[in-house]
Amino acid sequence: MPRRCTVCDHPERHSIDEALVTGTPYRSVAKRFGLSESAVYRHKVEHLPAHLLKAEEAKEVAQADDLLEQVKHLQGRALDILERAEKAGDLRTALAAISQARGNLELLAKLAGELDERPVVNLNVSPEWLELRAVIVAALEPHSDARGAVLRALEAGGNGSA
Ligand SMILES: [Zn+2]
């Protein structure tokens, strides 16, 4: 489009867009802002959707920032509760606070884009694995050679790859 849009160039473009979005007839908008009806109409049809889209994107970014702030605030509260519960020897509350803080951390990481949705299994800290490992090691107690071999294999497998 070679011709400049007098509405896009207008210093009160935001107010004009707002009026159009809220359903003010383009004729009234044209009159109120001293523009030609055809210019307002063309702007409404050809340019307004793009402006709205941009505004919507900006809003989403702002909302994400807001969400991040809220989770950070929640995290501060959870850690505060944890500290107080620990001081008071209230383990039950402390545990709940830890669980809450952990959830907040995951959310923070997700919001920061550092964590994708794929589940990552870390065998070395999984309680089921530690239990199984203890059972295996205990069962091999009388067979020291086999036990040593299994332990070495487990160490190698657990630390080497992944
Ligand atoms: Zn325009």
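What counts and how
- Residues numbered from 1 in each chain as written.
- Predicted model: local features only at pLDDT ≥ 70, side-chain atom pairs only at ≥ 80, totals over all residues.
- Heavy atoms only, no water.
- Donors = N, O, S within 2.8 Å, 3.2 Å for Na, K, Ca; no water.
- Tetrahedral: all angles 85-135°; square planar, octahedral: opposite > 155°, others 65-115°.
- 1 Å grid on protein atoms, 1.4 Å probe; cavity = no way out; pocket = protein on both sides within 12 Å on 5 of 7 lines; lining within 4 Å.
- Points joined across faces, edges and corners; volume = space filled by probe spheres on them.
- Helix = DSSP H or I, 4+ residues; strand = E, 2+ residues; numbered from the N terminus.
- Nonpolar A, V, L, I, M, F, W, Y, C, P; charged D, E, K, R; others polar.
- Core = buried A, V, L, I, M, F, W, Y, C linked by side-chain atoms within 4.5 Å.
- Buried < 20%, exposed > 50% of the residue type's maximum accessible area, 1.4 Å probe, protein only.
- Contact = heavy atoms within 4.5 Å.
- Salt bridge = Lys/Arg side-chain N within 4 Å of Asp/Glu carboxyl O.

Explain the coordination of the zinc ion here, please?
Octahedral metals with six donors have ideal donor angles of 90 or 180 degrees. Tetrahedral metals with four donors have an ideal donor angle of 109.5 degrees. Only C5 (SG), C8 (SG), H43 (ND1) and H47 (ND1) from the protein reach the zinc ion as donors, at distances of 2.0 to 2.3 Å. Relative to the metal, the four donor atoms surrounding the zinc ion lie at angles of 104 to 115 degrees, and the coordination shape comes out tetrahedral.

Any chance you could explain the layout of surface pockets here in plain terms?
Regions of empty space are outlined by a rolling probe, equal in size to a water molecule, passed over the atoms. Empty space within the largest pocket amounts to approximately 190 Å³. In terms of lining residues, the largest pocket is bounded by R13, H14, D17, E18, V21, T22, H51, L52 and A55. Of all the secondary-structure elements, those providing two or more residues to the lining of the largest pocket are α1 (13–21) and α4 (48–88). Considering each element in turn, the lining of the largest pocket owes the most residues, five residues, to α1. Grouping the constituent residues of the lining of the largest pocket by class yields three nonpolar, three polar and three charged.

What exactly am I supposed to notice about the nonpolar core here?
Where a protein is soluble and globular, its nonpolar side chains tend to be buried together. Grouped together as the largest cluster of nonpolar side chains are twelve residues: C5, V7, I16, A19, L20, V29, A30, F33, L35, A39, V40 and L48. Secondary structure elements with two or more residues in this core: α1, α2 (26–33) and α3 (37–46). The residues touching V40, leaving out its near neighbours within four places in the chain, are V7, L20, Y26, V29, A30 and L35.

Would you mind going over the pattern of salt bridges with me for this structure?
When charged atoms on two side chains of opposite charge get close, those side chains can pair. Tallying each qualifying case throughout the model produces seven salt bridges. Between R84 and D80 there is a salt bridge; the shortest N-O distance is 3.1 Å. Residue R84 and its partner D80 are both found in helix α4; the two are separated by four residues, about one turn of the helix. Owing to a relative accessible area of 55%, R84 belongs among the exposed residues under this scheme. Residue E83 pairs with K87 through a salt bridge whose shortest N-O separation is 3.3 Å. You can see E83 and its partner K87 sitting in helix α4, four residues apart, about one turn around the helix.

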